[in-house]
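# Working through the structure, step by step
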Amino acid sequence: MISRKSLAALAILTAVALAMVVAVAAGAHAQAGAPAANPPAQNSGMPNLAQSAAAMKEPFPPFHIIGNINYVGSKGISCYLITTPAGEILLDTGYPDMAEQIEGNIQKLGYKLSDVKIIIDSHSHIDHAGGIAAVKSATGAKLMSVAEDAVYLENGGHNDVLFGDRNPFPAVKVDRILHDGESITLGGVTLTPHLTPGHTPGNTTWTMVTEDKGKSYNVVFWVFVSVFPNASLKGTPSYPNMGADMAKTMKVIPTIKCDVFLGSNSSFFNLEQKHDALMKGADPNPFIDPQGCKEFVERAQASYQQALQRDQAAATTAPVK
Ligand SMILES: [Zn+2]
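Residues numbered from 1 in each chain as written. Predicted model: local features only at pLDDT ≥ 70, side-chain atom pairs only at ≥ 80, totals over all residues.

### A word on the overall build of the chain
Here is the rule: Helix and strand assignments come from DSSP, with helices taken as H or I runs of at least 4 residues and strands as E runs of at least 2, each series counted from the N terminus. With C-beta atoms placed from the backbone, a residue counts as buried when 20 or more other C-beta atoms lie within 10 Å of its own, as exposed when 12 or fewer do, and as partly exposed for counts between those limits. Distance between backbone-placed C-beta atoms decides contact: two residues are in contact if it is within 7 Å.
If you tally the helices and strands in the chain, you get 11 helices and 12 strands. The buried share of the chain, reckoned over its 321 residues, is 49%. By sequence separation, contacts in the chain at least 24 residues apart represent 68% of the contacts at least 6 residues apart.

Here's what the structure looks like:
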C-alpha cells in the first residue's frame with residue numbers, strides 16, 4: 001500500500017527529473033502529434049521545464065468520447081476508461097501525483113473506483129504509468145502488461161532505456177503478463193496489445209472495436225512511435241536492439257486498422273479541438289478520424305527515415321580512429 005503522502009514526497013523529490021522527461025517528451029510528441037512545435041532548447045531553464053510538466057498535468061473535464069470509451073486524463077496526458085457490463089478497464093494513469101485527479105474523473109462520470117477491474121498501460125514511463133500503484137490500490141484492479149514493459153513497472157522505472165534511473169515511480173506488481181497480440185476480454189469487450197517498441201522495449205499500441213449509433217469502429221490508442229528529433233537508432237548499452245525494434249514498429253504501424261484516432265498524449269490527436277467540437281454537437285463524431293491516424297503514421301515513418309539518414313551521415317563523416 002502506498003500512501004498519498006509518500007507519493008507526494010516522491011513527486012517533489014523527482015520534480016526536476018519529471019520536468020526533464022516531460023520537456024523531452026513534449027517536444028518529440030509535438031513532432032509526432034498534430035501541431036508543429038519546436039523541440040525545447042537543450043539549455044531550457046528549469047522554470048520552463050517545470051511549467052511544461054505542470055501544463056501536461058492540468059485538469060481536463062472527463063467526457064464520453066464514443067461507444068464505450070471515456071476520457072479521464074489530463075490536458076496533456078491521456079487516460080481512458082473503457083466500460084463493460086462486467087466492470088471497467090483503465091488505460092494509463094498519468095504521473096504519480098495525478099492519481100487523485102484520474103480517480104476523481106472516473107467518479108465524476110458516475111463510475112465507482114471499485115468497478116475498475118483491469119488496468120493496462122501504454123508504456124512504462126512515469127508520465128503514463130507513474131500513478132498505477134496508487135490507482136491499483138484505490139480500485140483493487142488487476143494490472144496487465146506486456147512482458148517487455150512489466151519488468152519496468154515492477155522495478156519502478158529503474159534502468160530505463162532512455163532515462164536510466166532518473167525518473168523512478170512507485171513500483172507495482174503486474175498480475176498478468178501479456179505478449180504481443182494476446183488479447184484481454186472483460187464483459188465481452190476485447191482489447192489487443194500491439195508491441196510497437198523503440199521508445200521503450202514494451203511500448204504498446206492498444207486496439208479495440210467499439211459500437212456507436214449502430215456502427216462498428218476500429219479504435220486505436222497510439223503510443224509514441226516516432227524517433228526523438230535528434231536521436232540515433234544505434235541503441236544504447238541498455239537497449240542494443242532499439243534500431244531493430246524501431247524497424248519492426250515501422251512495419252507494424254501501417255497495418256493497424258484505425259477509424260477512431262486516440263493516443264497516449266493529447267497532442268497526438270488534437271484532444272481539445274475535437275472535444276470542443278463534440279461538445280457543440282459535431283456529427284459525425286470528430287474522434288472518427290482515419291485521415292488523422294494515417295498522417296500520424298506517416299509522421300512517425302518520416303521521423304524514422306530522418307533518423308536513418310542522420311545515422312548514415314554520422315557514419316560517413318565520422319573521423320577514422
Ligand atoms: Zn515515454
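### Comments concerning the sheet that holds strand β11 (residues 215–222)
Inclusion rule: Paired strands, in this sense, are two strands between which DSSP finds at least two bridges. Only the contacting stretch of a helix is used when fitting its axis, a line to C-alpha atoms as for every element, and angles between N-to-C directions run 0 to 180 degrees.
Taken in spatial order, the 5 strands line up as β8-β9-β10-β11-β12 in an open sheet, and their pairing is mixed. At either margin of the open sheet sits one strand with a lone partner, and together these are β8 (184–186) and β12 (260–263). On average, each strand axis in the sheet is inclined to that of its neighbour by 25°, with strand direction left out of account. For strand β10 (residues 204–212) and β11, the ladder comprises 7 bridges, and the chain directions are antiparallel. Across the sheet, the residue bridging to V209 is N218, located in β11.

### Notes on the sheet that holds strand β3 (residues 80–84)
Taken together, 7 strands build an open sheet; the order of strands is β1-β2-β3-β4-β5-β6-β7 and the sheet is mixed. Of all the strands in the sheet, the pair left with one neighbour each is β1 (63–66) and β7 (176–178). On average, adjacent strands in this sheet sit at an angle of 25° to one another, irrespective of strand direction. Relative to strand β5 (residues 116–120), strand β4 (residues 87–91) runs parallel, the two sharing 4 bridges. Considered in β5, the bridge of E88 is made with V116. Contacts from helix α6 (residues 132–139) reach β4, β5 and β6 (142–146) within the one sheet, and its direction differs from that of β5 by about 165°.

### Focus: the confidence of the model for the chain
Where we set the bar: Residue-level confidence of the predictor is summarised by pLDDT, bounded by 0 at the bottom and 100 at the top.
In this model, the chain carries a mean pLDDT of 87, and residues with pLDDT of at least 70 account for 83%. Overall, residues 5–47 carries pLDDT values under 50, and its contacts beyond four positions in sequence, including any with other chains, amount to 77 contacts.

### Side note on the packing of helix α4 (residues 99–108) against α6
This is how it is decided: In these notes the angle categories are as follows: under 35 degrees is roughly parallel, over 145 is roughly antiparallel, 65 to 115 is roughly perpendicular, and the rest is oblique. By convention, the crossing between two helices is left-handed when the near helix turns anticlockwise from the far helix through less than a right angle, and right-handed when the turn is clockwise. For this classification, Asp, Glu, Lys and Arg are treated as charged, while Ala, Val, Leu, Ile, Met, Phe, Trp, Tyr, Cys and Pro are nonpolar and the rest, including Gly, are polar.
Where α4 meets α6, the closest approach of the two axes is 9 Å, and the angle between their N-to-C directions is 40°. When the axes of α4 and α6 are compared, the pair comes out oblique. Relative to α6, α4 is oriented so that their crossing is right-handed. In this structure, α4 uses A99, I102 and E103 to contact α6, whose residues at the interface are A134, V135 and A138. Per-class residue counts for the contact of α4 with α6 are 5 nonpolar, no polar and 1 charged.

### Notes on the environment of S183
Tracing the backbone shows S183 in the loop between β7 and β8. S183 gets classed as exposed once you count the C-beta atoms within 10 Å, which come to 12. Separated by 10 residues in the primary sequence, S183 and P193 place their C-alpha atoms 6.5 Å from one another. Sequence-distant contacts of S183, defined by excluding residues within four places in its chain, comprise T190, L191 and T192.

### Some details on the environment of D92
Residue placement: D92 occurs in the loop between β4 and α4. Under the C-beta neighbour-count criterion, D92 is labelled buried, with 28 such atoms within 10 Å. When the C-alpha positions of D92 and G130 are compared, they lie 8.8 Å apart, and in sequence the two are 38 residues distant. Ignoring sequence-local partners within four residues, the contact set of D92 consists of S78, C79, D121, S122, H128, A129 and S264.

### Brief notes about unusual backbone geometry
A negative phi angle characterises most non-glycine residues, just as the trans form characterises most peptide bonds. Cis peptide bonds are those with omega within 30 degrees of zero, and the linkage from D283 to P284 qualifies with 5°. Mapping P284 onto the fold places it in the loop between α10 (271–279) and α11 (290–317). At D92, a position not held by glycine, the phi torsion is positive, near 70°. Phi is positive for N159, which is not a glycine, with a value near 55°. With respect to the helices and strands, N159 occurs in the loop between α7 (147–154) and β7.

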